[in-house]
Amino acid sequence: MTTPQLWTVVIPVKRPEHAKTRLADAVGELRPRFARAFAADTVRAALDCPPVTRVIVVTDDAAAADEARSLGAEVVADAPDAGLNAALRHGAEAARSVAGDAAVASLSADLPALRPAELERVLAAAAQHPLSFVADAAGIGTTLYAAGPGVPFEPAFGGRSRAAHRLAGAVELELGGIPSVRRDVDTAVDLWDARRLGVGPRTAALLAELDVAL
Ligand SMILES: Nc1nc2c(ncn2[C@@H]2O[C@H](COP(=O)(O)OP(=O)(O)OP(=O)(O)O)[C@@H](O)[C@H]2O)c(=O)[nH]1
Ligand SMILES: C=C(OP(=O)(O)O)C(=O)O
């Protein structure tokens, strides 16, 4: 049996006061807290995934950073302050400054239903390709982008990133049975769908608070 590929996972977390704006109508003043809860549940699930040896969170938000550290992740500041792709490249550089041949996968921080077992299947598939990605549930964007050992990490998030990643030569991982890896939450409909899949503890607690408030 061959040894499974080990991974460093990079998770970018935007400052919550500017994040998840499309959720504002549904959750009102709870929006920044939802953004942090999604991130915490994503980080927890990634850390619980056996082939993941390190999780590096890229953020300038002190509360998200503290929570990520308390869960067992490392944190680097969003030093480039130049948007998502720059933040991700910065996280990958941090990973490879310690281990030059690290396999690096980025995950969106808005995957509150993420299941470690589904992520493990995705990472096993990603290990078969130099560059790969998973499309989001809508089929337009990307939730995971992965570069194997020694492969330049050059993400192209933003807008129609599924097409952009394909054009750049990354292989789309078209596995069935990975809804939790694909279910990013941008809108109220996405949030209800994540709840149907089963969200992590931080998002579940906040949804309970929202139910009381409604
Ligand atoms: N560190 C960092 N993370 C970012 C940045 N921009 C986006 N992200 C993260 O990238 C992921 C995908 O971002 P989006 O889904 O566009 O999230 P968003 O901007 O909060 O959502 P909307 O306001 O609805 O567009 C989330 O994990 C965000 O926290 C950035 O400039 N820096
Ligand atoms: C930035 C992206 O995500 P979202 O659709 O969540 O904004 C993307 O998928 O490239």
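- The protein chain is annotated in an unreviewed UniProt entry as Phosphoenolpyruvate guanylyltransferase from Jiangella aurantiaca.
- The annotation that UniProt attaches to the protein chain under Catalytic activity (unreviewed entry) is "phosphoenolpyruvate + GTP + H(+) = enolpyruvoyl-2-diphospho-5'-guanosine + diphosphate".
- Under the heading Sequence similarities (unreviewed entry), UniProt records this for the protein chain: "Belongs to the CofC family."

Structural notes on the site of ligand 2
Piece 1. Contacts to ligand 2 come from Arg22, Gly141, Thr142, Phe157, Gly158, Gly159, Ser161, Asp184 and Asp186.
Piece 2. Arginine 22 is positioned such that a nitrogen or oxygen atom in its side chain is 3.3 Å from an oxygen atom of ligand 2.
Piece 3. Within the side chain of aspartate 186, a nitrogen or oxygen atom sits 3.1 Å from an oxygen atom of ligand 2.
Piece 4. Notes on ligand 2: free accessible area 290 Å², of which the protein chains cover 78%.
Piece 5. Each residue belonging to the shell around ligand 2 can be placed in one class, and the counts come to 1 nonpolar, 5 polar and 3 charged.

Describing the packing of aromatic side chains
Piece 1. Tallying each qualifying case throughout the model produces 2 aromatic pairs.
Piece 2. Centroid distance phenylalanine 34 to phenylalanine 38: 5.8 Å. Interplanar angle 55°. Geometry classified as tilted. Placement of both phenylalanine 34 and phenylalanine 38 in helix α2 (residues 31-47) is noted, with a separation of 4 residues, approximately one turn of the helix. Across the pair, exposure class does not vary: phenylalanine 34 and phenylalanine 38 are buried alike.
Piece 3. The interplanar angle of 75° and the centroid separation of 5.2 Å between the aromatic rings of tyrosine 145 and phenylalanine 153 together place this pair among those described as edge-to-face. The same class applies to tyrosine 145 as to phenylalanine 153, namely buried.

Description of the nonpolar core
Piece 1. In this structure, Ile11, Val55, Val57, Leu107, Leu119, Leu123 and Leu144 are the most contacted members of the largest nonpolar core, which totals 32 residues.
Piece 2. With 5 residues, helix α5 (residues 116-126) is the largest single contributor of residues to this core.
Piece 3. In contact with leucine 144, other than residues within four places in its own chain, are Ser106, Leu107, Leu119, Val122, Leu123, Ser132, Phe133 and Val134.
Piece 4. Counting residues in each nonpolar core, the second largest holds 19 residues, with Val10, Leu131, Phe133 and Ala147 among its members.

Details of the pairing of strand β2 (residues 52-59)
Piece 1. The element β2 is largely enclosed, with a buried count of 7 among its 8 residues.
Piece 2. Here 7 bridges tie strand β1 (residues 7-13) to β2, and the two strands are oriented parallel to one another. Opposite isoleucine 11, over in β2, you have valine 57 as the bridge partner.

Considering the UniProt feature "binding site: phosphoenolpyruvate" (unreviewed entry) in the protein chain
Piece 1. Look at the UniProt record and you will see "binding site: phosphoenolpyruvate" (unreviewed entry) annotated at Thr142, Gly158 and Ser161. Across 20 residues in sequence, these annotated residues keep their C-alpha atoms within 8.7 Å of one another, forming a single compact spot.
Piece 2. Residue placement: threonine 142 occurs in strand β6 (residues 142-147).
Piece 3. A relative accessible area of 5% means that threonine 142 is categorised as buried.
Piece 4. Not counting chain neighbours up to four residues away, the residues in contact with threonine 142 comprise Ser108, Phe133, Val134, Ala135, Asp136, Phe157, Ser161, Arg162 and His165.
Piece 5. Position of glycine 158 among the secondary structure elements: in the loop between β6 and α6 (161-167).

Cut-offs and rules
Think of each chain on its own: its residues are numbered from 1, step by step along the sequence as written. Each chain takes a letter, starting from A, and each ligand takes a number, starting from 1, following the order in which they are written. Residue-level local features of this predicted model are given only where pLDDT is at least 70; pairs of side-chain atoms are given and counted only at 80 or more, and the full residue set underlies all totals for whole chains, interfaces and linings. Hydrogens and waters are ignored; side-chain quantities use all the structure's heavy atoms. UniProt positions are given in the numbering used here, feature names are shortened, and annotations may be inferred rather than shown by experiment. By convention in these notes, a residue is near a molecule or strand provided one of its non-hydrogen atoms lies within 4 Å of it. Each polar contact in these results corresponds to two N or O atoms within 3.5 Å; when the atoms are within protein, one needs to be able to donate a hydrogen and the other to accept it, and residues that are neighboring in sequence are counted only if both atoms are side-chain atoms. Calculation of accessible area relied on Shrake-Rupley with a 1.4 Å probe; when residues are assessed, cover is drawn exclusively from the protein chains displayed. Under the convention adopted here, Pro, Cys and the residues Ala, Val, Leu, Ile, Met, Phe, Trp and Tyr are nonpolar, Asp, Glu, Lys and Arg are charged, and Gly plus all remaining residues are polar. Any Phe, Tyr or Trp ring, taking Trp's six-membered ring, that has another such ring centre within 6.5 Å forms a pair; planes under 30 degrees apart are called stacked, those over 60 apart edge-to-face, and the others tilted. For the purposes of this entry, the term helix denotes a DSSP run of H or I that reaches at least four residues, the term strand denotes a run of E that reaches at least two, and both are numbered from the N terminus. Only protein chains enter the accessibility calculation, which uses a 1.4 Å probe. A residue is then buried if its area is under 20% of the maximum for its type, exposed if over 50%, and partly exposed in between. By convention a nonpolar core is built from buried Ala, Val, Leu, Ile, Met, Phe, Trp, Tyr and Cys residues, the set being connected through side-chain atoms within 4.5 Å. Contact definition: two residues touch when any of their heavy atoms are within 4.5 Å. Two strands are counted as paired when DSSP detects at least two bridges linking them.

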